[in-house]
Amino acid sequence: MRASREQPMDDLIRVPCVMMRGGTSRGLFFLASDLPDDPARRDALLLAALGSGHAHQIDGVGGGHPATSKAAIIGPSMREGIDIDYLFAQVHVRERLVDTSPNCGNMLAAVGPFAISAGLVPVQDGITAVRMYNFNTRKVIESRVRTPGGRVRYEGDTAIDGVPGTGAPIHMAFLDAAGSKTAGLLPTGHPRETIDGLEVSCIDASVPMVIARAADLGKTGLEPPDALSEDRELMARLESLRIEAGRRMGIANAAALVIPKPALVSPAVHGGTLATRYFMPHQCHTALAITGAVGLATAAVTPGTVVAALAGPRELPTVVTLEHPAGRIEVRLERRPGIAEPIASVVRTARRLFEGSVLVSRSVIEPTP
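Residues numbered from 1 in each chain as written. Predicted model: local features only at pLDDT ≥ 70, side-chain atom pairs only at ≥ 80, totals over all residues. Heavy atoms only, no water.

Chemist: Got a minute to help me understand helix α4 (residues 232-249) in this structure?
Modeler: Helical geometry note: an α-helix holds 3.6 residues per turn, so side chains three or four residues apart project in the same direction. In a regular helix each residue adds 1.5 Å, so 18 residues correspond to 26 Å; α4 covers 25 Å between its end C-alpha atoms and thus fits that length. Considered for burial, the residues of α4 that qualify are Leu234, Met235, Leu238, Glu239, Leu241, Arg242, Ala245, Gly246 and Met249. Residues of α4 that are buried make contact with β9 (193-195), β10 (198-204), β11 (208-213), α3 (225-229) and β12 (261-267). A side-chain oxygen of the first residue of α4 lies 3.3 Å from the backbone nitrogen of Glu233; this N-cap is Asp231. Gly250 sits one or two positions beyond α4 and adopts a positive phi of about 95°. (Helix = DSSP H or I, 4+ residues; strand = E, 2+ residues; numbered from the N terminus. Expected span 1.5 Å × (residues − 1). Buried < 20%, exposed > 50% of the residue type's maximum accessible area, 1.4 Å probe, protein only. Contact = heavy atoms within 4.5 Å. Polar contact = N/O pair within 3.5 Å; in protein donor to acceptor, adjacent residues only side chain to side chain.)

This is how it looks when you write it as structure tokens:
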């Protein structure tokens, strides 16, 4: 861990970081060299920095919501053909827990710009391609960032639902999304099966998911996120569903993790392919996670899944438009030579919000004598 050169007049540790918005998420971005190597000390620092253990994260810089209680840890990669390594951390709000089992596609949108500004990737005039190895899923993602004149551009005319205003487009391609945490695209070996009386599909494309029709749970799939999150009977059934789905997918300790993620699908009502409600997993997302969008779109072109049955027959290349509570996300799916599963691409925006140091108590990360 790199020590701060600043000589403070207090007993706090200063850790350099940048707060960034990536897609519809927000979090702290760190260089790996600025954090403890030991995972337990690293996680303790993240919990203190974001203020976890309190609903409002009042003693930290978290936003009191899963979408604003996240961290990204970035460093140079020694892997051939890869520019940077990236670890995502979902920092729980109420519980003092850090989960590094999933990736976050929205935060991923800001990783490329951060890495370029940090000097980890040689900048190009026009477009800079950043190839990232994600430690969470052990997969490679390619991000294309606008860098006219050799500088990251954040301003632009691209709008994404769930974020006010517009920004420069960031194109991300998930090059090998299948089997992010399990044995493959269909980890149970079946495109659909029955769990707890529900017909579902268990799929792992960027993130493990268990997907059901909203109607089978007595829902339209168009309900506001808060209404679904506050439905205790629904949430209890989804939790039971995802734990059993996790067991079948080879995720033995799903109850202690945020994967697999539950999702509900229903017919589109605004001209899209499907309407979706995505859970994180104990709260309905106010929009839709990018990893969830990749999984749902991939399921839509995988024959036999409950999603494909709703979406109807589709040939690649195709665009799957997913309606969510804040609008819609378009996912392009295509074939590439040498890769068996479809390649999913999305467009996001990002913005650098604040840079400096986050302050935590010295006792949080220094070993007890």
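Chemist: Please clarify how the pairing of strand β14 (residues 318-324) should be interpreted in this entry.
Modeler: Along β14, six of the seven residues are buried, which leaves the element largely enclosed by surrounding structure. Bridge count between strand β13 (residues 274-278) and β14: two bridges; the pairing is parallel. Each residue of the ladder has a partner; that of Ala275, found in β14, is Glu323. Adjacent in sequence and paired antiparallel, β14 and strand β15 (residues 327-336) are bridged by two residues. (Pairing = 2+ DSSP bridges.)

Chemist: I would appreciate a short explanation of helix α1 (residues 39-50) in the present structure.
Modeler: For α1, which comprises twelve residues, the first-to-last C-alpha distance of 16 Å matches the rise-based estimate of 16 Å (1.5 Å per residue) to within 8%. For α1, every residue scored as buried is listed here: Arg42, Asp43, Leu45, Leu46, Leu47, Ala48, Ala49 and Leu50. Backbone geometry just downstream of α1 places Gly51 in the positive-phi region, at approximately 80°.

Chemist: Which parts of the structure should I look at to understand the pattern of salt bridges?
Modeler: Close approach of charged atoms allows side chains of opposite charge to pair. A full pass over the atoms with the stated rule returns 17 salt bridges. Across the pair Arg14 and Asp10 runs a salt bridge, and its minimum N-O distance is 2.9 Å. Of the residues examined, Arg14 reaches a relative accessible area of 14% and is grouped as buried. Each of the salt bridges in this network shares a partner with another, and the network as a whole consists of Arg192, Glu199, Arg213 and Asp216. (Salt bridge = Lys/Arg side-chain N within 4 Å of Asp/Glu carboxyl O.)

Chemist: Looking at this model, I keep getting lost on unusual backbone geometry. Mind explaining?
Modeler: The phi angle of most residues is negative, glycine excepted, and most peptide bonds adopt the trans form. Residue Pro281 is bonded to the preceding Met280 through a cis peptide linkage, with omega at 5°. For Pro281, the position within the fold is in the loop between β13 and α5 (290-300). Geometrically, the link from Leu316 to Pro317 is a cis peptide bond, its omega value of 0° lying close to zero. Secondary-structure assignment places Pro317 in the loop between α6 (306-311) and β14.

Chemist: What is the right way to read the nonpolar core from this model?
Modeler: One broad rule of soluble globular proteins: the nonpolar side chains tend to lie buried together. Phe29, Ile74, Met172, Phe174, Ile211 and Val331 are the most contacted members of the largest nonpolar core, which totals 66 residues. A total of eight residues in this core trace back to one element, the largest contributor, which is helix α2 (residues 105-117). (Core = buried A, V, L, I, M, F, W, Y, C linked by side-chain atoms within 4.5 Å.)

Chemist: How should the side chain of His65 be read in this particular structure?
Modeler: Structurally, the position occupied by His65 is in the loop between α1 and β3 (70-76). There is a polar contact of 3.0 Å between the side chain of His65 and the backbone nitrogen of Ala67. Look past the residues within four positions of His65 in its chain and what remains in contact with it is Gln57, Val93, Met280, Gln283 and Thr286.

Chemist: Mind showing me how you'd approach the packing of aromatic side chains here?
Modeler: In this description, a pair of aromatic rings is defined by centroid distance and the angle of the planes. Scanning the entire structure with this criterion turns up two aromatic pairs. Over the aromatic face of Tyr133 sits the side chain of Arg79, whose NZ or CZ is 3.8 Å from the ring centroid. (Phe/Tyr/Trp six-rings, centres within 6.5 Å; stacked < 30°, edge-to-face > 60°. Lys NZ or Arg CZ within 6 Å of the ring centre and 35° of its normal.)

Chemist: So what exactly am I meant to see when it comes to the environment of Glu223 here?
Modeler: Inspection of the secondary structure assignment puts Glu223 in the loop between β11 and α3. The exposure class of Glu223 is buried, given its relative accessible area of 16%. For the pair formed by Glu223 and Arg314, sequence separation is 91 residues and the distance between their alpha carbons is 27 Å. The contacts of Glu223, once residues within four sequence positions are left out, are Leu228 and Arg277. A distance of 3.0 Å separates a polar atom in the side chain of Glu223 from the backbone nitrogen of Gly221.

Chemist: What's the story with the environment of Val306 in this structure? I'm lost.
Modeler: Take Val306: it is sitting in helix α6. Given the relative accessible area of 0%, Val306 is considered buried. Taking the C-alpha atoms as reference points, Val306 and Ala344, 38 residues apart in sequence, are found 19 Å from one another. Residues contacting Val306, with those up to four places away along its chain left out, are Arg192, Glu199, Val200, Ser201, Ile211 and Arg213.

Note that all results are geometric; they support no functional claim without further evidence.
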